[in-house]
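Here is how the chains run, residue by residue.
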Number of protein chains: 2
Amino acid sequence: MKRIAESTVRRLSLYLSFLEGIERQGLKTVSSDELARLGGTTSAQVRKDLSLFGSFGKRGLGYFVPELSEKLREILGLGKQWRVCIIGAGKIGAALARYRGFAERGFNVTAVYDSDEAKIGKRWETLTVRPISELEKDAAKQGFDIAVVATPAENTPAVVKQVVRAGIKAILNFAPVQLSVPSDVTVRNVNMAMELEGLSFALSNRSE
Amino acid sequence: MKRIAESTVRRLSLYLSFLEGIERQGLKTVSSDELARLGGTTSAQVRKDLSLFGSFGKRGLGYFVPELSEKLREILGLGKQWRVCIIGAGKIGAALARYRGFAERGFNVTAVYDSDEAKIGKRWETLTVRPISELEKDAAKQGFDIAVVATPAENTPAVVKQVVRAGIKAILNFAPVQLSVPSDVTVRNVNMAMELEGLSFALSNRSE
DNA sequence: TGGCGCTTGTGAATTAGTTCACAAACTAAT
DNA sequence: ATTAGTTTGTGAACTAATTCACAAGCGCCA
């Protein structure tokens, strides 16, 4: 299959969330034009995105909502249950561990790690913070699909090295550093400072 | 000035963070090649990005670290202090309000709002949660540059309408919905579900 | 059945973004 | 002062992403 751009995947994810809303409203079909309106893009873009994976619509009618939802879930790999571990039991880690939205979408947080002695053993709901030195062993035993990294910048490179060694192939990185990983490991960055600076830039350069 | 791509702005932000690290190490100059290596891009990209704003380097030598840092801060509008309000006093809002990193970079959280009676009046460090009905009035009095929206999906459109009416021109949106705002308002979205789904897609479609 | 009104799917055209490649400018060494 | 070794800044070439535009398919109604 040809390479799919990250921007395309983001939009598919967006379309799926719209479809879920539309389904709740009880509508049966939806047009590319309507999805485009909701997502702030064009109908051609919507059709092109979907056409990369097959042809799911009916001419003159649009797309059947439950059918397209199902297709998108399949494309995005949301049928499965993913095993997620959180690394870093600080504020962000804590907020993420308690976040309900993960499990709803099939992302099950099954363990939390930290390197700080003082944090180890703390309990959050059903989870207990474990020493990061155990990560590799635990991964071998139960397996993790995704690691959420929420550690201080200075510890992050070392932490990521352990994550990679544990065989985890997908990382959601909240630390404000660029990760260096082998090419078979996928990284997504969430960097608040960068987003705020983007807004700062926009505010500073309006209408020039 | 010509339109600057969002991807460019993200990279400038990244370069700045590298420069801060390099400055701490005490290095005087840095080459586009070194910045590229740190950022996982190419030296031509780095030079092109910078050249959109001027020519800051010295041939044969590279860029003076403090000088380039300063230029980037200027470009990104980080000289100023920005007044930020947080809307939504739930888990994410709370985590953000307590987050130290904001103030360090000139983003000062000066108020928190919520529409839920039960949350109003709560105190977080120096901040007190205020009713969102006061937002417009407060904005007229003290002025806000940026609103961080961290409300449940269903309330978000109404909340955003109030933010826009209050004259705020930049929004950092954590709600998992697409905002519809006038074209003079800049929005950046942070959507965890979307990031996780991107990883899910990558894991499901490796090497095809 | 035939015709009209929609809407998809997709090559072609366009626009945006990245990389190449090299002259010009600078440092350091001799 | 000359030369060798770097590294910038930038048109030109290339690649990627988006938008256009239209034939073809489908439902509905007379």
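One can find the structure itself at the top, above this paragraph.
What counts, and where the lines are drawn
Residues numbered from 1 in each chain as written. Chains lettered and ligands numbered in written order. Predicted model: local features only at pLDDT ≥ 70, side-chain atom pairs only at ≥ 80, totals over all residues. Heavy atoms only, no water. Buried < 20%, exposed > 50% of the residue type's maximum accessible area, 1.4 Å probe, protein only. Helix = DSSP H or I, 4+ residues; strand = E, 2+ residues; numbered from the N terminus. Pairing = 2+ DSSP bridges. Right-handed = clockwise from strand over helix to strand, strands pointing away. Near = heavy atom within 4 Å. Polar contact = N/O pair within 3.5 Å; in protein donor to acceptor, adjacent residues only side chain to side chain. Nonpolar A, V, L, I, M, F, W, Y, C, P; charged D, E, K, R; others polar. Least-squares fit on C-alpha atoms with pLDDT ≥ 70 in both. Contact = heavy atoms within 4.5 Å. Axes fitted to C-alpha atoms, helices over the stretch in contact; angles between N-to-C directions. Parallel < 35°, antiparallel > 145°, perpendicular 65-115°, else oblique. Buried area = accessible area lost by both parts, 1.4 Å probe. Salt bridge = Lys/Arg side-chain N within 4 Å of Asp/Glu carboxyl O. Core = buried A, V, L, I, M, F, W, Y, C linked by side-chain atoms within 4.5 Å. Lys, Arg positive; Asp, Glu negative; His and termini not counted. Phe/Tyr/Trp six-rings, centres within 6.5 Å; stacked < 30°, edge-to-face > 60°.

So, the pairing of strand β7 (residues 146–149) of chain B
Residue and element names in this part refer to chain B. A two-sided burial pattern is seen for β7, the buried positions comprising Ile-146 and Val-148 on one face and Ala-147 and Val-149 on the other. In this sheet, β7 lies alongside strand β3 (residues 82–87) in parallel orientation, the contact comprising four bridges. Within the sheet, the bridge partner assigned to Ile-87 lies in β7 and is Val-149. Of the pairings in the sheet, the one linking β7 to strand β8 (residues 170–173) comprises four bridges and is parallel in character. By the bridge assignment, Val-149 is partnered in β8 with Asn-173. Between β7 and its parallel partner β8, the chain crosses via helix α8 (residues 156–165), and the hand of that crossover is right-handed.

Examining the protein's contact with DNA strand D
Of all residues adjacent to DNA strand D, which total 23 residues, the nearest are Arg-59 of chain A together with Ser-32, Arg-47, Gly-60 and Tyr-63 of chain B. Among all atoms of DNA strand D positioned within 4 Å of the protein, those belonging to sugar or phosphate total 59%. Take Arg-59 of chain A: an N or O atom from its side chain is 3.0 Å from a base nitrogen of DNA strand D. Taking Gly-60 of chain A, its main chain carries an N or O atom lying 3.0 Å from a base nitrogen of DNA strand D. Secondary-structure elements contributing two or more residues to the surface near DNA strand D are α3 (43–51) of chain A together with α3 (43–51) of chain B. Residue composition of the surface near DNA strand D, by class: five nonpolar, ten polar and eight charged.

Things to note about the protein's contact with DNA strand C
Near DNA strand C there are 23 residues, and of these Ser-32, Arg-47, Gly-57 and Tyr-63 of chain A together with Arg-59 of chain B occur at the shortest range. Close to the protein, within 4 Å, the atoms of DNA strand C are drawn from sugar and phosphate at a rate of 61%. Within the side chain of Arg-11 of chain B, one N or O atom sits 3.1 Å away from a phosphate oxygen of DNA strand C. Going through the elements one at a time, α3 of chain A together with α3 of chain B are the ones with two or more residues in the surface near DNA strand C. Looking at which element gives the most residues to the surface near DNA strand C, the answer is α3 of chain B, with four residues.

Section: the relation of the copies chain B and chain A
With an RMSD of 0.1 Å, chain B superimposes on chain A once it is rotated by 180° and translated 0.0 Å along the axis. A rotation of that kind, with that shift, is consistent with a two-fold axis. The residues that chain B uses at the interface reappear at the interface of chain A in 98% of cases, marking a shared surface.

Side note on the packing of helix α1 (residues 6–24) of chain A against α3 of chain A
Residues and elements named next belong to chain A. Viewed as axis vectors pointing N to C, α1 and α3 meet at an angle of 105°, and their least axial separation amounts to 10 Å. Considering their axes alone, α1 and α3 lie roughly perpendicular with respect to each other. Here Thr-8, Arg-11, Leu-12 and Tyr-15 of α1 lie close against α3, whose contacting residues are Gln-45, Val-46, Asp-49 and Leu-50. Of the residues assigned to the contact of α1 with α3, the class counts are four nonpolar, two polar and two charged.

Considering the interface of chain B and chain A
Across the boundary between the two partners, chain B contributes 53 residues, which contact 52 residues of chain A. Carbon and sulfur atoms supply 68% of the area buried between chain B and chain A, which totals about 4,900 Å² over both sides. Our count for the chain B to chain A interface comes out at six salt bridges. The salt bridge partner of Glu-195 of chain B is Arg-10 of chain A, with a shortest N-O separation of 2.3 Å. Seen at the junction of chain B and chain A, the total is 20 residue pairs in polar contact (both at pLDDT 80 or more). Counting residues per element, the ones that place at least two in the side of chain B that touches chain A are α1 (6–24), α2 (32–39), α5 (91–98), β8, β9 (186–189) and α9 (192–204) of chain B. With 13 residues, the top contributor of residues to the side of chain B that touches chain A is α9 of chain B. Looking at the side of chain B that touches chain A residue by residue, the class counts come to 31 nonpolar, nine polar and 13 charged.

A closer look at the nonpolar core
Judged by nonpolar contacts, the single largest core of 100 residues is most densely connected at Leu-72 and Ile-146 of chain A together with Leu-72 of chain B. In this view, Leu-72 of chain B contacts Leu-12, Tyr-15, Leu-16, Leu-19 and Leu-50 of chain B; residues no more than four positions away in its chain are not counted.

Topic: the sheet that holds β9 of chain B
Residue and element names in this part refer to chain B. With respect to topology, seven strands assemble into an open sheet ordered β5-β6-β4-β3-β7-β8-β9, the strand pairing being mixed. Unpaired on one side and paired on the other, β5 (123–124) and β9 mark the two borders of the sheet. Looking at chain direction, β8 and β9 are connected through four bridges and run parallel. Within the sheet, the bridge partner assigned to Ala-170 lies in β9 and is Thr-186.

Quick look at the side chain of Asp-114 of chain A
Residues and elements named next belong to chain A. Here Asp-114 lies in strand β4 (residues 107–114). Buried and unpaired, Asp-114 has no salt bridge, with Lys-119 as the nearest side chain of opposite charge at 4.1 Å. Among the polar contacts made by the side chain of Asp-114, one reaches the main-chain amide nitrogen of Ala-89 at a distance of 2.6 Å.

With respect to the packing of aromatic side chains
Scanning the model with the defined rule gives six aromatic pairs over all chains in all. Note on Phe-53 of chain A and Phe-201 of chain B: the rings are 6.3 Å apart at their centroids and 90° apart in plane angle, and the pair reads as edge-to-face. Here Phe-53 of chain A is found in the loop between α3 and β2 (63–64), whereas its partner Phe-201 of chain B is found in helix α9 on a different chain. Like Phe-201 of chain B, Phe-53 of chain A is buried. Here the aromatic rings of Tyr-99 of chain A and Phe-102 of chain A are separated by 5.3 Å at their centres, their planes lie at 85°, and the arrangement is edge-to-face.

By themselves these figures say nothing about function.
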